[in-house]
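Commentary on secondary and tertiary structure
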Amino acid sequence: MIRYTGRVNIKTYLAQTVLVALLLLLCIGAFNWWSDPFAIWRPADVERLNRNAQTFFLRLSKPWQVSRIKPSAVIVGSSRSGTISPEHAVWAGETPYNLALEGLTAYEMKRFIEHSEAQGTLKKLLIAIEFDTFIVIPARLAALGYADGRMLNSEEDGKTWSRLAQRVRDYRDTLVTSSVLIYSLQTQFGRKLGTMQADGSWRISPNPQRTGRGTISDAGRLLVIRSRAFSKDALDRNLSILADILQFCHRHKIDTRLYFSPEHLLLTDLRRDIGYGDQHDDFLRRVVAINKEAATSTDSPPFPLWGFNLMENVVNHPPHPGEVNSADWFRDGFHFYDKLGEIIMEQVWGDNSTAGMRLDSDTIDTYIAGVEKMRAQFVHDQQKQVLAYRKEVLELIAD
């Protein structure tokens, strides 16, 4: 029998093992940095940025982008505002960025605005306000993926231990984890999605599974679910956060504009049909009142506030069961195409459009009455289709 009598140098073996592991991590980190699946390290590389469904990671990537870009003009809202290009002519000369987030909460809205202002460059701000934002997710302040440690505040130095710890976790999660390696491989070898833009906006396209009126039915199902989760306490809390936001903007002299996101009248009618129309109207009135109160408390004029649900041939454009065509303004009744975003920017920041209505305590009831009149006329003209739509939505809820 031959016996091995040599000795193994344990220290050398461990050192070599550690060195190999470190080299492997370095290679993985370099590959993930180059692929940049979360659009953090090389955000100008639009080709690679477009290869991933970035909407799942925006609560990670967008705070980083704001710190990097230091924008002077920002759009804040839910995914409905994601199609508004901040690179509009009315913001010429600014460094713009679209901070829209899917499922944005009122608290997240507040923190993203504070984070933007803390960069020291924010001059202009567009805030999109939606009823669903203020009544949905009543049990928590922020959505999955959000971290306060990524957010700066102008009253803090940005170097607290919690922030440093969050930064270390983000380095880890974006460079050396197995999940980010999978996303990097998808970035390199997956199909190009072509939705996200370097300015923070995205492009929406027709849903290949459900087109025309079918997509609005899906939106209606979500509307019913969210409306039934209506919580007055949550609404009061979120409107209080909005008041804080507006006072913050007044104190920091940020040129702020607000607008209620437009929606197709099929959804406006559905909300009234299931019994939540009055709550929605009251919400509009309360936002107008809060805007006025925030201005009074800071001895400033109210911020310009606009409504866009009186747009003829837009919000009442008859939906069709077939393929989406160039005449459509919405993909699903809530999310509008970029051509409507262009009109909103032109109205709110320019002076050449008459698409929206300026809202204050003197005009809000006129606006609400006008929307109701247009809704009633739409139901009268499209009665068969409206009834079929209501039935289809309720069947989706039952399923």
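Higher on the page you've got the structure.
Here's what I pulled together on the structure shown here. (Residues numbered from 1 in each chain as written. Predicted model: local features only at pLDDT ≥ 70, side-chain atom pairs only at ≥ 80, totals over all residues. Heavy atoms only, no water.)

What to know about the overall build of the chain
Of the regular secondary structure elements, the chain holds 14 helices and six strands. For the chain, the residues scored as buried account for 50% of the 399 residues in total. The long-range fraction of contacts in the chain, counting pairs at least 24 apart against all pairs at least 6 apart in sequence, stands at 79%. About 19300 Å² of surface is accessible on the chain, with carbon and sulfur atoms providing 56% of the total. (Helix = DSSP H or I, 4+ residues; strand = E, 2+ residues; numbered from the N terminus. Buried < 20%, exposed > 50% of the residue type's maximum accessible area, 1.4 Å probe, protein only. Contact = heavy atoms within 4.5 Å. Areas by Shrake-Rupley, 256 points an atom, 1.4 Å probe, with all protein chains shown as cover.)

Topic: the environment of Met374
Among the secondary structure elements, Met374 is positioned in helix 13 (residues 364-381). Taking the relative accessible area as the measure of exposure, Met374 reaches 12% and is therefore buried. Remark: the alpha-carbon pair of Met374 and Asn309, spanning 65 residues in sequence, is separated by 9.1 Å. Those residues in contact with Met374 that lie beyond four places of it in its chain are Leu265, Asn309, Leu310, Glu312, Val315 and Asn316.

Some remarks on the nonpolar core
Formed by 53 residues in total, the largest nonpolar core has its most connected members in Ile113, Ile129 and Phe283. Of the residues forming this core, the biggest block, nine residues, is contributed by helix 9 (residues 232-251). When neighbours within four sequence positions are excluded, Ile113 is seen to be in contact with Val76, Leu122, Leu125, Ile127, Ile245, Phe248 and Cys249. (Core = buried A, V, L, I, M, F, W, Y, C linked by side-chain atoms within 4.5 Å.)

As for the packing of helix 4 (residues 106-117) against helix 9
Here helix 4 crosses helix 9 at 15°, and the two axes come no closer than 9 Å. Judged on the interaxial angle alone, helix 9 and helix 4 are roughly parallel. Handedness of the helix 4/helix 9 crossing: left-handed. Every residue of helix 9 that contacts helix 4 at Ala106, Tyr107, Met109, Lys110, Ile113, Glu114 and Glu117 is listed here: Asn238, Ile241, Asp244, Ile245, Phe248 and Cys249. Its residues placed into classes, the contact of helix 4 with helix 9 shows eight nonpolar, one polar and four charged. (Axes fitted to C-alpha atoms, helices over the stretch in contact; angles between N-to-C directions. Parallel < 35°, antiparallel > 145°, perpendicular 65-115°, else oblique. Left-handed = near helix turned anticlockwise from the far one by under 90°. Nonpolar A, V, L, I, M, F, W, Y, C, P; charged D, E, K, R; others polar.)

Observations concerning the pattern of salt bridges
Enumeration over the complete set of coordinates arrives at 22 salt bridges. Between Arg272 and Asp278 there is a salt bridge whose closest N-O contact spans 3.6 Å. Classification of Arg272 as partly exposed rests on a relative accessible area of 26%. Of the residues examined, Asp278 reaches a relative accessible area of 57% and is grouped as exposed. (Salt bridge = Lys/Arg side-chain N within 4 Å of Asp/Glu carboxyl O.)

Examining the packing of aromatic side chains
By the definition in use, this model includes 13 aromatic pairs. Taken together, a centroid distance of 6.4 Å and an interplanar angle of 45° make the contact between Trp33 and Trp34 tilted. Using a relative accessible area of 38% as the deciding quantity, one classes Trp33 as partly exposed. Its relative accessible area of 40% is what places Trp34 among the partly exposed residues. Between Arg80 and the ring centre of Phe334, over which it is positioned, the NZ or CZ distance is 4.0 Å. (Phe/Tyr/Trp six-rings, centres within 6.5 Å; stacked < 30°, edge-to-face > 60°. Lys NZ or Arg CZ within 6 Å of the ring centre and 35° of its normal.)

Quick notes on the pairing of strand 3 (residues 124-129)
Counted residue by residue, strand 3 has six buried out of six residues, so it is predominantly covered. Judged by which residues are buried, strand 3 turns out to be covered on both faces: Lys124, Leu126 and Ala128 on one side and Leu125, Ile127 and Ile129 on the other are all buried. Of the pairings in the sheet, the one linking strand 1 (residues 73-76) to strand 3 comprises four bridges and is parallel in character. Residue pairing for strand 3: Val76 is matched across the bridge by Ile127. As judged from the six bridges shared by strand 3 and strand 4 (residues 255-260), these two strands associate in the parallel manner. Considered in strand 4, the bridge of Leu126 is made with Arg257. (Pairing = 2+ DSSP bridges.)

A look at the environment of Asp269
Following the sequence through the fold, Asp269 ends up in helix 10 (residues 265-273). Each C-alpha atom, one on Asp269 and one on Phe378, is 9.1 Å from the other, the two residues being 109 residues apart in sequence. Non-local contacts of Asp269, meaning those with residues more than four positions away in its chain, are made with Arg375, Val379, Val386 and Arg390.

Side note on unusual backbone geometry
For Asp36, which is not glycine, the phi dihedral falls at a positive 50°. Phi is positive for Asp299, which is not a glycine, with a value near 55°. Tracing the backbone shows Asp299 in the loop between helix 11 (277-297) and strand 5 (305-307).

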